[in-house]
Amino acid sequence: MIIIMIFVILLLLAAGYAQWRGGAPERLAAAALVIAMVTTMCAGVNGATFQGVQWELLVIDFGLFVVLCAIALFADRFWPMWLAAFQMVAVASHGASAYNSNVLPVAYWWIVGKISYPMIVILAVGILRHDRRKRAGFPEVAWSWQRRAIRTDPGDI
């Protein structure tokens, strides 16, 4: 139980940091991670034995994967691709458990439960890098279409 509390505290600290110093992609990714955490806790899978596919977790993890892929697709940042890739590993572990029921429950639990710790670190590093660029005065846009709008010169048309 202490590991879960550490995770909750770390995620809430990262989400608070994202709201305080992050740009729109950082805040959106942090909100998605917090929502996924809350829905996972509400799904009541804490006592699961991981003897088969945890369908509730699969739905939550896949939804988070879709959101993180959308952020990675449109954000003018590199780190969301890493978050989406890590989340894809979690979704793939559900698929591996569905494909082969002989997957060790501890391996399934470890991948699904522990993959989110490095995701918090990736998010925190993304926020820190965004904040440093912004404080240094570099042009910082949140979404890729904003960068294209900056580069477009009306005289070129």
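See the structure printed just above.
Residues numbered from 1 in each chain as written. Predicted model: local features only at pLDDT ≥ 70, side-chain atom pairs only at ≥ 80, totals over all residues. Heavy atoms only, no water.

Student: Tell me about the overall build of the protein, and please be specific about residues and values.
Tutor: In terms of regular secondary structure, the protein is built from 7 helices and 0 strands. Listing each helix as α and each strand as β along the protein from the N terminus yields α-α-α-α-α-α-α. Counting across all 157 residues of the protein, residues that qualify as buried make up 38%. Pairs at least 24 apart in sequence give 71% of the contacts found in the protein among residues at least 6 apart. Roughly 9,400 Å² of accessible area belongs to the protein as shown, and the carbon and sulfur atoms make up 70% of that amount. (Helix = DSSP H or I, 4+ residues; strand = E, 2+ residues; numbered from the N terminus. Buried < 20%, exposed > 50% of the residue type's maximum accessible area, 1.4 Å probe, protein only. Contact = heavy atoms within 4.5 Å. Areas by Shrake-Rupley, 256 points an atom, 1.4 Å probe, with all protein chains shown as cover.)

Student: Talk me through the packing of helix H2 (residues 24-43) against helix H3 (residues 55-74); I want residue IDs and the actual numbers.
Tutor: Look at H2 against H3: their axes get within 10 Å of each other, and the N-to-C directions meet at 175°. Here H2 lies roughly antiparallel to H3, going by the angle between them. Between H2, through Pro 25, Leu 28, Ala 29, Ala 32, Leu 33, Ala 36, Thr 39, Thr 40 and Ala 43, and H3, the contact on the second element is made entirely by Glu 56, Leu 57, Ile 60, Leu 64, Val 67, Leu 68 and Ile 71. Per-class residue counts for the contact of H2 with H3 are 13 nonpolar, 2 polar and 1 charged. (Axes fitted to C-alpha atoms, helices over the stretch in contact; angles between N-to-C directions. Parallel < 35°, antiparallel > 145°, perpendicular 65-115°, else oblique. Nonpolar A, V, L, I, M, F, W, Y, C, P; charged D, E, K, R; others polar.)

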